[in-house]
Amino acid sequence: MFRAADRLKVVLRHLDRPNSRIKACATSAQVAAYTHPVELRYTTDNDVLTPEQRLFYEENGFLLIKNLIPDEAIDRFRTEFEKICRREVKVPGLLVMRDIAISKSEFLPDQSAVSKLQDFQEDQELFRYCTLPQILKYVECFTGPNIMAMHTMLINKPPDAGKKTSRHPMHQDLHYFPFRPADHIVCAWTAMERVDRSNGCLVVLPGTHKGTLKQHDYPDWEGGVNKMYHGIRDYDPDQQRVHLVMEKGDTVFFHPLLIHGSGMNRTQGFRKAISCHYASSDCYYIDVKGTSQEIIEQEVKEIAQRKYNAGSDITLQDTWAVRGRLVKGQRTVL
């Protein structure tokens, strides 16, 4: 096994990246063995990823790294989340989302449950996650050396109230982003406790990152759906799925075109995870008018106008430009 890995390393160092093709042999990974040549399109040349890890991401669009974030760091993020929920800390620009069906909060009985924090870039404690060296070491494998933290979230999936609103429909994250190229964007998603099928772990469709951005809309669910939880209109429900069972501190990195979602939380506790979407600062903004992303642009503009008194001429690009933070290298375009 080690000799095979050494041979692959030698091959990788001598092949030009744009045209590199490698015939990979069988693997014991949780997704089917490779049987076709793989073009090295989605990862960069460095010494962080093993050849097997590079090939796995190239073929499947995600990579799970075990035990990456220490307990003490996660416990600090949890404490800060609780302070925000108790309104002991006010964070400029923070978007607090609540589940439409959960009336009881984890910390304040008279408040509906907080299901997600978005845009915590102004919270020094939570934003530490986005700058952790062990996270950025892997991020650079997908974005290159100039790294922007573009989208931050702390997900607090509540126990389902029987209406299945704790689900997140199958979607592609690129639907929300007006910047490209997609291959220079990656999400880091860290479990803050054990995550499995009982409390709604991530489920991914391996290999779908090789496709295109699909049409998204609100799913027609009987119990309703939370705001901005868009789902893909058409995908093959019989396609192979992988449920990502993760322990506290495990981190998965995945491509923005990878189709993924999460199931219901069937436990009595809240399931927490923290994440950040990163992009190369060499990425550029696009105009989404006339595309399938117009639906999200309108919703984001409405939120910005209501929450920040933004004018009607605000664009989706404007809302992202103020959120992005350079975390490594140089800020070039974004």
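Up top is the structure these notes are about.
Residues numbered from 1 in each chain as written. Predicted model: local features only at pLDDT ≥ 70, side-chain atom pairs only at ≥ 80, totals over all residues. Heavy atoms only, no water.

(A) Structural detail: the side chain of Lys-157. Within the secondary structure layout, Lys-157 lies in strand 6 (residues 147–157). Among buried charged residues, Lys-157 stands out as having no salt bridge; its nearest opposite-charge side chain is Asp-160, 7.5 Å away. Polar side-chain contacts of Lys-157 include one of 3.0 Å to the backbone oxygen of Gly-263. Sequence-distant contacts of Lys-157, that is, excluding residues within four places in its chain, are made with Ser-115, Ser-166, Arg-167, His-168, Asn-199, Gly-200, Ser-262, Gly-263, Asn-265, Gly-269, Phe-270 and Arg-271. (Helix = DSSP H or I, 4+ residues; strand = E, 2+ residues; numbered from the N terminus. Buried < 20%, exposed > 50% of the residue type's maximum accessible area, 1.4 Å probe, protein only. Lys, Arg positive; Asp, Glu negative; His and termini not counted. Salt bridge = Lys/Arg side-chain N within 4 Å of Asp/Glu carboxyl O. Polar contact = N/O pair within 3.5 Å; in protein donor to acceptor, adjacent residues only side chain to side chain. Contact = heavy atoms within 4.5 Å.)

(B) Inspection of helix 2 (residues 51–60) at higher detail. Counting buried positions along helix 2 yields seven of 10 residues, so the element is predominantly enclosed. Regarding helix 2, the residues found buried are Pro-51, Arg-54, Leu-55, Phe-56, Tyr-57, Glu-58 and Asn-60. Just downstream of helix 2, Gly-61 is the residue with a positive phi angle, here 90 degrees.

(C) Fine view of the sheet that holds strand 13 (residues 242–243). One open sheet accounts for four strands, arranged 7-15-10-13; its pairing is antiparallel. In the strand order of this sheet, the two ends are held by strand 7 (168–171) and strand 13, each with one partner. Bridge analysis of strand 10 (residues 202–204) against strand 15 (residues 260–262) gives three bridges, and the strand direction is antiparallel. Bridging across to strand 15, Leu-202 finds its partner in Ser-262. (Pairing = 2+ DSSP bridges.)

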